[in-house]
Amino acid sequence: NETTDATQPGGGLCLRKHASGGAPAEQASSAIAQNCIVLGNTAGEASSSNVFIGTNGTPSVSYSCSPDLTSGTANVTNDPVFVLMGSLYGTNHVAGDYHLDDGSPCINTGTNQYVTVAIDPDGNPRVKYGFVDKGAFEYISPAGTLFIVH
């Protein structure tokens, strides 16, 4: 449930556990990632995808958003519809605004099962409209005008 912007290349999601000492050998992993948005990164492991899931153990990604999540419970591959997607990295980095914008498929589509904090990084309630949003920030609908017709 954290969002970071890339100042270095890479930074995707890699669910894998290596043995300690000696040659790296994949060990059983039961890592779980939920309510995440992973976009515009690479997970390494000789992969150009945003998410790499090891084959040993039972790592899982669910209730998340990434173009590479073609399996798992309630994952979406759609554009998360950020207010402003950042670009590039290093000295050419352009910061983004990673709040969800109107029409995002990530609004109210997370799972409340693993929500461990009451507020998001902006100080808003982590669950605003019944279900947590995917990503770090809870969507707050913009103030509007209410018309009452008699």
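Above this note sits the structure.
Cut-offs and rules
- Residues numbered from 1 in each chain as written.
- Predicted model: local features only at pLDDT ≥ 70, side-chain atom pairs only at ≥ 80, totals over all residues.
- Heavy atoms only, no water.
- Buried < 20%, exposed > 50% of the residue type's maximum accessible area, 1.4 Å probe, protein only.
- Helix = DSSP H or I, 4+ residues; strand = E, 2+ residues; numbered from the N terminus.
- Pairing = 2+ DSSP bridges.
- Polar contact = N/O pair within 3.5 Å; in protein donor to acceptor, adjacent residues only side chain to side chain.
- Contact = heavy atoms within 4.5 Å.
- Phe/Tyr/Trp six-rings, centres within 6.5 Å; stacked < 30°, edge-to-face > 60°.

Regarding the pairing of strand β8 (residues 97-100)
Right, on to step 1. A one-sided burial pattern is seen for β8, the buried positions being Y98 and L100 and the unburied ones D97 and H99.
Right, on to step 2. Where strand β7 (residues 82-84) and β8 come together, two bridges link them in antiparallel fashion. For F82, the partnering residue across the bridge sits in β8 and is L100.

A short note on the side chain of N35
Right, on to step 1. Secondary-structure assignment places N35 in the loop between β4 (32-34) and β5 (51-53).
Right, on to step 2. Here T111 takes part through its backbone nitrogen, which lies 2.9 Å from a polar atom of the side chain of N35.

So, the environment of D122
Right, on to step 1. With respect to the element layout, D122 can be found in the segment after β8.
Right, on to step 2. Expressed as a C-alpha distance, the spacing of D122 and E138, which sit 16 residues apart in the sequence, is 8.7 Å.
Right, on to step 3. Among residues more than four places away in sequence, those in contact with D122 are H99 and F137.
Right, on to step 4. Here the side chain of D122 touches H99 through a polar contact of 2.3 Å, side chain to side chain.

A short note on the packing of aromatic side chains
Right, on to step 1. Taken as a whole, this structure holds one aromatic pair when the rule is applied.
Right, on to step 2. Judged by centre distance (5.0 Å) and plane angle (90°), the ring pair of F82 and Y98 falls under edge-to-face. Placement of the pair is F82 in strand β7 and Y98 in strand β8, with a sequence separation of 16 residues. A single burial state applies to F82 and to Y98, both of which are buried.

As far as function goes, none of this settles anything; it's purely spatial.
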